[in-house]
Amino acid sequence: VRQAVLHGGRRQPDAPAAAGSGPRSWGQVWHSAGRFAPHGKGGADRYRRQGLALGLNHEVSPGWRVGPVLSAQWSELKRAGHQADASVRSLYGGVSADGDWNGMRVTAALLRAWHRVESRRRVEAGPLLSGLQRAGYLARSWQVALEVAPHLRSLAQWGVRLRETRAAPWTMGPYARHEWTRLDVPGHVESGGPAAQGVFPSRTDLHVSTLGWRLRREWGGSAESSSWLDVAAGWRRVWGDGRVHGELHFPQGHAGLSFRSEGRPLLRHALALDVEAGLALRRDARLSLRYTGMRGSGQREHAAWAGFRWAF
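What you are looking at is a predicted structure, and each value in this text was computed from that prediction instead of being measured.

What follows deals with the nonpolar core. Soluble globular proteins tend to pack their nonpolar side chains together in the buried interior. L183 and L206 are the most contacted members of the largest nonpolar core, which totals 13 residues. One finds W26, W30, Y47 and A311 within the second-largest nonpolar core, a separate group that totals ten residues.

In structure tokens form, the structure reads like this:
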């Protein structure tokens, strides 16, 4: 569950930047589905997410826009074999900014989030300890993201001589991104009988850096009838050991007995791929399909997105 919460905030689609000098409102809805690779004795985890984001931004100086963001997301997580499942209802609030700085495109966001978690796991250990264990708690998190990238350019603009000018429509450029997440989980106790477990309060800090290359191709000459293809590939690094764990105890009997439960580890070194295809239905409305994936340490993670973005 903690890994899903940590992943959920980072994988939310980026909000569209609104053009113009005055205040602009924007909105975005999305649906995604994916899976985490099996780990240890546990099966693969599958998840689904739906979300809605609303925001308002205003040009505070030439080339810079800043404004508040409010987002809600519902997530469902299921383990193979119906061993466990969980639902997470998240509310995000914060501020986002984007602009130009020394020929670079800079985007940043600061979010505070509240996650209502309802988890269930099935225990099969004899007639006395078998049953369905349930838990509900409110977790909180801080999330900060910063990306710096030069404006996308054609190969000719990067100084590469082309034999055929028809290859020029592709624009490209490097990017660097860093994300920090702090997740606070309160102490809580399951309900469901003698096999119920208690969880001590915990705090998880996660730092993730990505260095990669982005390509873009656009078709259509007007904002009302254009389409695009974005491809981004990069090397993703999770700082630290990448382990996600919790300190547990048995509240019924076994006084003073506690133990550590290791969750699915995060991919510390991975190749990240992001592919998005979109269509502008009109000047301020866009429909997109997106694939995101990571591969590293013999593990794979995949997700598919469908989103609709608008500005008004």
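Having seen it, we continue.
Pairing is antiparallel across the open sheet formed by four strands, whose spatial order is β8-β9-β12-β13. Of all strands in the sheet, those bounded by a partner on one side alone are β8 (188-189) and β13 (258-262). Across two bridges, β8 lies against strand β9 (residues 198-199) in antiparallel orientation. Of the residues in β9, the one forming a bridge with H188 is V199.

Time to look at the environment of P23. Checked against the element boundaries, P23 lands in the loop between α1 (2-10) and β1 (24-36). Counting along the chain gives 37 residues from P23 to V60, while the straight-line C-alpha distance between them is 9.7 Å. In contact with P23, other than residues within four places in its own chain, are L56, N57, H58 and R65.

Below, the discussion takes up unusual backbone geometry. A positive phi angle is found at N102, which is not glycine, with a value near 55°. N102 gets classed as exposed once you look at its relative accessible area, which sits at 66%.

Our next topic: the pattern of salt bridges. Taken as a whole, this structure holds 17 salt bridges when the rule is applied. Of the charged contacts in the structure, one is a salt bridge between D98 and R105, with a shortest N-O distance of 2.7 Å. D98 sits in the buried class, given a relative accessible area of 12%. For R105, a relative accessible area of 28% translates into the label partly exposed. Residues participating in the shared-partner salt-bridge network are E147, R177, E179 and R214.

Moving on: a nonpolar patch on the surface. On the surface, a nonpolar cluster with roughly 440 Å² of combined accessible area is contributed by V60, V66, V95, L110, W142 and V144. With respect to the helices, strands and loops of the structure, L110 is situated in strand β5 (residues 104-123). Judged by relative accessible area, L110 falls into the partly exposed class, the value being 37%.

Any two aromatic rings considered together are summarised by their centre-to-centre distance and by the angle between their planes. Overall, the coordinates contain one aromatic pair when judged by the stated rule. In this structure, R290 packs its charged tip against the face of W305, placed 5.9 Å from the ring centre.

Pairing within the closed barrel is antiparallel, and its twelve strands lie in the order β1-β2-β3-β4-β5-β6-β7-β10-β11-β14-β15-β16. Strand-to-strand twist across the sheet, computed as the mean angle between neighbouring axes with direction ignored, equals 20°. The pairing of strand β7 (residues 171-185) with strand β10 (residues 202-219) spans 15 bridges and is antiparallel. Each residue of the ladder has a partner; that of D184, found in β10, is R203.

Calculation criteria
Residues numbered from 1 in each chain as written. Predicted model: local features only at pLDDT ≥ 70, side-chain atom pairs only at ≥ 80, totals over all residues. Heavy atoms only, no water. Core = buried A, V, L, I, M, F, W, Y, C linked by side-chain atoms within 4.5 Å. Buried < 20%, exposed > 50% of the residue type's maximum accessible area, 1.4 Å probe, protein only. Pairing = 2+ DSSP bridges. Helix = DSSP H or I, 4+ residues; strand = E, 2+ residues; numbered from the N terminus. Contact = heavy atoms within 4.5 Å. Salt bridge = Lys/Arg side-chain N within 4 Å of Asp/Glu carboxyl O. Patch = residues over 30% accessible without salt bridge, like charges linked within 9 Å, V, L, I, M, F, W, Y side chains within 5 Å. Areas by Shrake-Rupley, 256 points an atom, 1.4 Å probe, with all protein chains shown as cover. Phe/Tyr/Trp six-rings, centres within 6.5 Å; stacked < 30°, edge-to-face > 60°. Lys NZ or Arg CZ within 6 Å of the ring centre and 35° of its normal. Axes fitted to C-alpha atoms, helices over the stretch in contact; angles between N-to-C directions.

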